[in-house]
Amino acid sequence: MISDNGKKLFFLPLICHEFNRKRWTRGTGHRSIWRPTNLIFYGLIAIIVLFLLNNKTHFHDLGLIWNVCWGLPWIAFGISIGAIRHELRQDTVGWWLALPYARLTLISSKFWAMMLRSVQIISVIFLAIIAYVAMALLLSQSGSLSAFLHFLQRGIEPVLLDLLVLPLMVSSGLTLGTIFLTRWRHALNKFWVLWGLFWFFFSSFGGYTFFLTNGQTFFFLISCSLIIALLLLIFSAWLLEHKADIQ
Amino acid sequence: MSEPVIEAKVLSKRYGQKQAIDQLTLQVERGSVTALLGANGAGKSTFFRMVTGLVSPDSGELTVLGRAPGWQTNRQIAYLPDRARWYKQYTTEGTLRFGEQFLPGFDSGLAKKMAEQMHLPFEMPVQGMSKGQEARLMLILCVCRDVPLIILDEPFSGIDGASRAAIMDGLIDAISERQQTLLLSTHEITEAEGLFDNVLFLSKGHLRFSGSAEALRAEFGSIDRLARQLSEEEQL
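Residues numbered from 1 in each chain as written. Chains lettered and ligands numbered in written order. Predicted model: local features only at pLDDT ≥ 70, side-chain atom pairs only at ≥ 80, totals over all residues. Heavy atoms only, no water.

*Asks:* I'd like a rundown of the overall build of chain A, residues and numbers included.
*Replies:* Within chain A one finds 9 helices and 2 strands. Of all 247 residues assigned to chain A, the portion counted as buried reaches 42%. For chain A, the proportion of contacts with a sequence separation of at least 24, taken over those separated by at least 6, is 80%. Total accessible area on chain A is roughly 13,800 Å²; 72% of this is exposed by carbon and sulfur atoms. (Helix = DSSP H or I, 4+ residues; strand = E, 2+ residues; numbered from the N terminus. Buried < 20%, exposed > 50% of the residue type's maximum accessible area, 1.4 Å probe, protein only. Contact = heavy atoms within 4.5 Å. Areas by Shrake-Rupley, 256 points an atom, 1.4 Å probe, with all protein chains shown as cover.)

*Asks:* A description of the overall build of chain B should follow, citing residues and the corresponding values.
*Replies:* Scanning chain B from terminus to terminus reveals 8 helices and 9 strands. A compact globule built from 236 residues would reach a C-alpha radius of gyration of about 18 Å, and chain B, at 17 Å, matches this within 12%. With the principal axes as the frame, chain B shows a C-alpha extent of 50 × 40 × 35 Å. Taking contacts inside chain B between residues at least 6 apart in sequence as the whole, the part at least 24 apart equals 69%. Put simply, chain B shows about 9,800 Å² of open surface, and 45% of that area lies on carbon and sulfur atoms. Positive and negative charge centroids in chain B, built from 25 and 30 side chains respectively, lie 6 Å apart. (Rg over C-alpha atoms; globule rule 2.2 N^0.38 Å. Lys, Arg positive; Asp, Glu negative; His and termini not counted. Charge placed at Lys NZ, Arg CZ, Asp CG, Glu CD.)

*Asks:* Residue-level account of the interface of chain A and chain B, with values.
*Replies:* Taken together, the contact between chain A and chain B spans 34 residues of the former and 32 residues of the latter. Taken together, both faces of the contact between chain A and chain B bury some 3,000 Å²; the carbon and sulfur share is 57%. Taken together, the links from chain A to chain B amount to 9 residue pairs in polar contact (both at pLDDT 80 or more). Put simply, the parts of the chain that give the side of chain A that touches chain B at least two residues each are helix 1 (11–19), helix 4 (93–97) and helix 9 (215–242) of chain A. For the side of chain A that touches chain B, the class distribution of residues is 14 nonpolar, 11 polar and 9 charged. (Buried area = accessible area lost by both parts, 1.4 Å probe. Polar contact = N/O pair within 3.5 Å; in protein donor to acceptor, adjacent residues only side chain to side chain. Nonpolar A, V, L, I, M, F, W, Y, C, P; charged D, E, K, R; others polar.)

*Asks:* Describe the side chain of Glu154(B), and please don't skip the residues or the numbers.
*Replies:* All names here are of chain B. Within the secondary structure, Glu 154 sits in the loop between strand 6 (149–153) and helix 5 (161–177). The side chain of Glu 154 is buried and forms no salt bridge, while Lys 44, the nearest opposite charge, is found at 4.5 Å. Among the polar contacts listed, one links the side chain of Glu 154 to the side chain of His 187, at a separation of 3.1 Å. Apart from residues lying up to four places away in sequence, Glu 154 is in contact with Lys 44, Asp 82, Ser 185, Thr 186 and His 187. (Salt bridge = Lys/Arg side-chain N within 4 Å of Asp/Glu carboxyl O.)

*Asks:* Tell me about the packing of aromatic side chains, residues and numbers included.
*Replies:* Counted by the stated rule, this structure contains 26 aromatic pairs over all chains. A centroid spacing of 5.2 Å and a plane angle of 75° characterise the contact between Phe111(A) and Trp112(A), whose relative ring orientation is edge-to-face. Classification of Phe111(A) as buried rests on a relative accessible area of 7%. On the accessibility criterion, Trp112(A) (43% relative accessible area) is partly exposed. Note on Trp86(B) and Tyr87(B): the rings are 5.0 Å apart at their centroids and 70° apart in plane angle, and the pair reads as edge-to-face. The pair Trp86(B) / Tyr87(B) is uniform in exposure class, with both members buried. Among the aromatic residues, ring-to-ring pairing joins Phe10(A), Trp95(A), Tyr101(A), Trp86(B), Tyr87(B), Tyr90(B), Phe98(B) and Phe102(B) into one connected group. Over the ring of Phe180(A) we find Arg85(A), and its NZ or CZ is 3.7 Å from the ring centre. (Phe/Tyr/Trp six-rings, centres within 6.5 Å; stacked < 30°, edge-to-face > 60°. Lys NZ or Arg CZ within 6 Å of the ring centre and 35° of its normal.)

*Asks:* So what's going on with the nonpolar core? Residues and values would help.
*Replies:* One finds Trp96(A), Ile6(B), Phe47(B), Trp86(B) and Phe196(B) to be the most contacted residues of the largest nonpolar core, which totals 141 residues. For this core, the element with the most residues is helix 5 (residues 103–139) of chain A, which contributes 12 residues. (Core = buried A, V, L, I, M, F, W, Y, C linked by side-chain atoms within 4.5 Å.)

*Asks:* Describe helix 3 (residues 72–89) of chain A, naming the residues involved and giving the relevant values.
*Replies:* Residue and element names in this part refer to chain A. In a regular helix each residue adds 1.5 Å, so 18 residues correspond to 26 Å; helix 3 covers 25 Å between its end C-alpha atoms and thus fits that length. Helix geometry: helix 3 is bent most strongly at Ala 83, by close to 30°. Among all positions in helix 3, only Leu 72, Pro 73, Ala 76, Phe 77, Ser 80, Ile 81, Gly 82, Ala 83, Ile 84, His 86 and Glu 87 are buried. Looking at the packing, one finds that the buried side of helix 3 touches helix 1, helix 4, helix 5, helix 6 (145–179) and helix 7 (188–204). In the segment just after helix 3, Asp 91 is the residue with positive phi, at about 60°. (Expected span 1.5 Å × (residues − 1). Bend = angle between axes of the 7 residues up to and from the residue.)

*Asks:* Lay out the sheet that holds strand 2 (residues 18–28) of chain B in plain terms, naming residues and giving numbers.
*Replies:* All names here are of chain B. If you trace the 3 strands from one edge of the open sheet to the other, you get 2-1-4, paired in antiparallel fashion. Two strands in the sheet have a free side with no partner beyond their single neighbour: strand 2 and strand 4 (59–64). Strand-to-strand twist of the sheet, defined as the mean angle between neighbouring strand axes without regard to direction, takes the value 25°. Note: strand 1 (residues 6–15) against strand 4, 5 bridges, orientation antiparallel. Each bridged residue has a counterpart across the sheet, and for Ile 6 the counterpart in strand 4 is Val 64. (Pairing = 2+ DSSP bridges. Axes fitted to C-alpha atoms, helices over the stretch in contact; angles between N-to-C directions.)

*Asks:* An account of the sheet that holds strand 8 (residues 198–203) of chain B is requested, with residue identities and associated values reported.
*Replies:* All names here are of chain B. Spatial ordering of the open sheet is given by 5-6-7-3-8-9, a layout of 6 strands whose pairing is mixed. Among the strands making up the open sheet, the edge pair consists of strand 5 (77–80) and strand 9 (206–212). This sheet shows a mean twist of 15° between the axes of neighbouring strands, independent of strand direction. Across 4 bridges, strand 5 lies against strand 6 in parallel orientation. Bridging across to strand 6, Tyr 79 finds its partner in Ile 151. Along the sheet face, helix 1 (residues 44–51) touches strand 3 (33–37), strand 5, strand 6, strand 7 (181–185) and strand 8 and points at about 145° away from the line of strand 6.

Here's what the structure looks like:
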């Protein structure tokens, strides 16, 4: 934790401030109406899928559910962009940037808050998948404890990979969000084109398979992701310090 | 004149095609209540953002409390940004705790007293508050800080008459007790001009007019009348 001239500890409260921020929607009744509606809707969808799976496949390849994990780092990426953009949209950016702390401290507090938020989301989805599959196996005639354990074993790798790439995804999101606050925001459309092309070629040339099957490369990738994450945070702090363009 | 709390020398800032600040040179006297006046787009908010280190000037020199502006100088500045809103999930109580945790010089005892005087609900989140209540809460965050410089950018914007009066009373109470410099911008000149010691008029990013409020009142009858006169001249 960082000490402010040895008097006050502020970094942890700053992380809590960022972590507890909720996405605010205009109109006070919005949240209260839609939350239970969404819950019922997704609950019904889950039950329908469960019964369809049971009828069609008899739960022979439940491990396919773990493919959900490929999308989870993108949630972290999205909420990290939002962490900065909401400051602008909710007219709190002036308060945030006028806080008497170094830009790296401000951006780092958002980084840790978004890391925690992402871990929270991944954990909830992970538990939901386990509960869902446990229920499915109970309904299935072929369900057994060993099938359940096998299913869990298949999930460890993608979930672990999700957690390990989080620093890179969160810092990338924060950097992109920061660019919205600078005069470089006009170049963002070009960035998205390059970003799309990169992922297209990465998957076309078997990038995913290569990294997942080669153990050493896998750890090299993780080390790189941590180093790049740190560099991106420093870059974001530099952008806020020197290129901020808030009108 | 004592050492200025803010000194700008030939300051310029451009946003794309728009020259927001144009060769601006001015000083803000220490311990004074200084009004920065001018029409919308005159460069007032941009100047405040430069003073608080939110944006950097393209050219020129700016010193705040004797040094270049940045996050370090913000320890000594209480700043209410233009069109600012407060974090929706915070209650009054949570906001005062925020002030205590993050804003140097924040006097939570005084803040609590002011919140009671301004009839702010302690348990209600900002999301449920009126705009006037939210504005009062943000003002408390600024004026309850024992710092040498307070900057308020349009503190009365979009606020009803009753809230405006409450904010004004709070402002007078707070600044009369401390030796602070208050720099504010407002379009509600009639109601606020009793506070002013000095006035700076900006027009199209440069200083059009400056002087002591007393002298300007003696010459033009009121600051509001002078502001209207300058605005009419600008439109011609």
